[in-house]
Structures are given as structure tokens and as C-alpha cells.
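# Examination of the molecular architecture
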Number of protein chains: 2
Amino acid sequence: MIGKLNHIAIATPNLDEATKTYANILGVKISAPQDQFEHGVRVVFIEIPNTKIELLEPLGENSPVEKFLEKNKKGGIHHICFEVEDIDHAILRLEKDGATVLGDGKAKIGAHGKPVIFLHPKDFNGTLIELEEVSK
Amino acid sequence: MIGKLNHIAIATPNLDEATKTYANILGVKISAPQDQFEHGVRVVFIEIPNTKIELLEPLGENSPVEKFLEKNKKGGIHHICFEVEDIDHAILRLEKDGATVLGDGKAKIGAHGKPVIFLHPKDFNGTLIELEEVSK
């Protein structure tokens, strides 16, 4: 059902510092930071040859990244995102197979302007998984 | 410096159960499990269109995954692996730039039969990064 790995999202308490580390030590090119108020994150995108990495810093109140950083002070991998062709079909199949779609169970417009859902980590070995529709 | 994302490694306390979840819920094809005694893991490989996922279960004593599972009972993302063309060159550059190469600082033959190193998570927002040489 799932397609490509769209991105790995890594949370950090200090985006500027993380950006410098990735640029200087791993030698990757990094986008300018974007404030995504509606998602509660400040984000930079790192293009690598076959996928993307996103570095996330909490932005504003009730950021979804804030709670994660309380448990993981230095940061860590927040979620991974796979592409699907039809997110409504994916939701039906996931619920039939016993996975838990977070929120109200319906797709929302995600950080890339495309419909996304998040799956509860309890069903996937503690890994928060995002699915993003790529066809529409 | 880094090239493709080679794989995401996800640790699990129960490989059979994790395998079923990934196969049934996410609809991916999964290899037969392999016991890699020298690396202290039992592993299955999941091919997705642009990269791989590896599910890891501790094997034998002193498994590097055991300590991780003590802190993360349900499992979680253990490390991510990027490809490099020349691992000795990468080590020189990383040490010059202040990163910490784990172990004795020299490349070892990894789970895919190729030279690898691991970088200390403290330098990368709590993310354990493996580098694997792909050219030789």
C-alpha cells in the first residue's frame, strides 16, 4: 500500500544549531527556515538524492513537537512519512486492519499542502508514521 | 558529503509481530528473517520504492539493540543510514568537524558486508547515524 519514503522528520530544540551541524558536518544543502504557524513548527528541508529530511523546531503554543522534546531533550526522529496514492482508501484499509488514525480519523492538509494522516505509534513499534497523498 | 538514505532501522521487542504489522497494515513485502550473530540482531528487510526499512530484534548477549529497548519498551527508530563514497575520507572530515565516531573510530564491516561507522547521537539531535561506504 505505501509508496516512497517522502521524508524523515527530526525534532530539535535549536534549529539554527542543527542546521549548522547538518550543513557543516554532513555537507548537505539546507533550505531557508519556514515558519509554519498552522502546524506549530519552524522547519528546514534537506534534499538528499532519494528522499528528504526535515528538521523541526517547535513554534508557538501547543506545538506537536514540544511534548516530544520534553521526553527527548536533545531531539530525535519525530516521524517518518510515506507516500500513498489515495489517502481515503488508505484510511479505510488501515481502520479495517486495526491501526489507529490520530485526530478525528480524517485527512488534513499537511505541511506540504497535501492531505495527510498520522498513525498511532503504538501499532508500529513506537514509530510515528505519517501518510501523505501524492496523486491529487 | 552524504549520499542516499540507505535505510531506516527500527528496533522491536517482537520481530514476528512487527513483521505481521508491516505486511498486513502497510502492505509491504518483507524478506525472511536473518540472524546476524556478529551484529547481535535478527533482522528483516523491507524494500520500498526509494529506500529500505530494517526491523531489528536483539539477538544473543550484548546486543546493541537491547539497551535501546530498555529505554523504549515498544521499540522505535534505532538509527538511519546514509551512503558515502569513501568512508576513510568521511571519517577524517567528521573528526575535523568535531563529530564523534563511535567505537575505535575506524570503519567496521557492517550488516550488509560493507564498511560502516556510527556517529554519536549527541552531535545530531539525538539521532544515531550510520554511514555506509557503497563504492568499494
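All values reported here derive from a predicted model rather than from experimental measurement. (Residues numbered from 1 in each chain as written. Chains lettered and ligands numbered in written order. Predicted model: local features only at pLDDT ≥ 70, side-chain atom pairs only at ≥ 80, totals over all residues. Heavy atoms only, no water.)

Glancing now at the relation of the copies chain A and chain B. When chain A is fitted onto chain B, the two copies agree to an RMSD of 0.0 Å after a turn of 180° and an axial shift of 0.0 Å. Seen this way, the second copy is the image of the first under a two-fold rotation axis. For chain A, the minimum C-alpha distance to the rotation axis belongs to N50 of chain A and amounts to 3.0 Å. Looking at chain A, 98% of its interface residues are interface residues in chain B too, so the copies touch through the same face. (Least-squares fit on C-alpha atoms with pLDDT ≥ 70 in both. Contact = heavy atoms within 4.5 Å.)

All right, on to the pattern of salt bridges then. All names here are of chain A. Considering all chains together, one arrives at 13 salt bridges over all chains under this definition. In this structure, the salt-bridge partner of D97 is R93, at a minimum N-O distance of 3.8 Å. We classify R93 as partly exposed; its relative accessible area is 28%. Among the salt bridges present, the one from D123 reaches K122, with a minimum N-O distance of 3.5 Å. Taking the relative accessible area as the measure of exposure, D123 reaches 17% and is therefore buried. The class for K122 is partly exposed, based on a relative accessible area of 45%. Look at the salt bridges and you will find they share partners, linking D16, D35, R42 and E57 into a network. (Salt bridge = Lys/Arg side-chain N within 4 Å of Asp/Glu carboxyl O. Buried < 20%, exposed > 50% of the residue type's maximum accessible area, 1.4 Å probe, protein only.)

Bringing the nonpolar core into the picture now. Formed by 60 residues in total, the largest nonpolar core has its most connected members in I80 and L131 of chain A together with I80 and L131 of chain B. The residues touching I80 of chain B, leaving out its near neighbours within four places in the chain, are I8, I10 and I77 of chain A together with L5, H7, I8, T127, L128, I129 and E130 of chain B. (Core = buried A, V, L, I, M, F, W, Y, C linked by side-chain atoms within 4.5 Å.)

On to the sheet that holds strand β7 (residues 115-119) of chain A. Residue and element names in this part refer to chain A. What the 8 strands build is an open sheet, ordered β2-β3-β4-β1-β5-β8-β7-β6; its pairing is mixed. With partners counted over all chains shown, the strands left at the sheet margins are β2 (34-36) and β6 (108-109), one partner each. As paired strands, β6 and β7 are joined by 2 bridges and run antiparallel to one another. Residue I109 lies in a different strand from β7, and its bridge partner there is P115. (Pairing = 2+ DSSP bridges. Helix = DSSP H or I, 4+ residues; strand = E, 2+ residues; numbered from the N terminus.)

Take the confidence of the model for chain A next. Across chain A, the average pLDDT comes to 93, with 99% of residues at 70 or higher. On the interface metric, ipTM, the complex scores 0.92, and its pTM is 0.94. (pLDDT = per-residue confidence, 0-100.)

Residues and elements named next belong to chain B. Strand order in this open sheet of 8 strands is β2-β3-β4-β1-β5-β8-β7-β6, and the pairing throughout is mixed. In this open sheet, the two edge strands, each paired with only one partner strand, are β2 (34-36) and β6 (108-109). Relative to strand β4 (residues 51-58), strand β3 (residues 41-48) runs antiparallel, the two sharing 8 bridges. Each residue of the ladder has a partner; that of R42, found in β4, is E57.

Glancing now at the side chain of E83 of chain B. All names here are of chain B. Within the element layout of this structure, E83 appears in strand β5 (residues 76-84). Within the buried core, E83 has no salt-bridge partner, and the shortest N-O distance to an opposite charge, that of K4, equals 5.5 Å. For E83, the side chain forms a polar contact with the side chain of N6, separated by 2.8 Å. (Lys, Arg positive; Asp, Glu negative; His and termini not counted. Polar contact = N/O pair within 3.5 Å; in protein donor to acceptor, adjacent residues only side chain to side chain.)

A word on the interface of chain A and chain B. Counting residues at the interface gives 41 residues for chain A, matched by 40 residues for chain B. Both faces considered, chain A and chain B share a buried interface measuring about 3,300 Å² in area, 66% of it formed by carbon and sulfur atoms. Sorting the residues of chain A by area buried against chain B places I25, L26 and N125 of chain A first, and these three jointly supply 22% of that buried surface. Scanning the region where chain A abuts chain B turns up 15 residue pairs in polar contact (both at pLDDT 80 or more). Only β1 (5-11), α1 (15-25), β4 (51-58), β5 (76-84) and α3 (87-96) of chain A provide two or more residues apiece to the side of chain A that touches chain B. At 6 residues, the largest contribution of residues to the side of chain A that touches chain B is made by α1 of chain A. (Buried area = accessible area lost by both parts, 1.4 Å probe.)

Glancing now at the environment of Y22 of chain A. Take Y22 of chain A: it is sitting in helix α1. Put simply, Y22 of chain A and L55 of chain A are 33 residues apart on the chain and 9.6 Å apart in space, counted from C-alpha to C-alpha. Leave out the neighbours within four places in its chain, and Y22 of chain A touches I10, G27, V28, I30, I46 and L55 of chain A together with F124, N125 and I129 of chain B.

We now examine the pairing of strand β7 (residues 115-119) of chain B. Residues and elements named next belong to chain B. Counting buried residues in β7 gives 4 out of 5 residues, a clear majority hidden from the surface. Hairpin connection between β6 and β7: a loop of 5 residues separates the two successive antiparallel strands, and G113 in this loop has a positive phi of roughly 80°. Relative to strand β8 (residues 129-133), β7 is paired through 4 bridges, and the arrangement is antiparallel. Residue pairing in the sheet places V116 in a bridge with E132 of β8.

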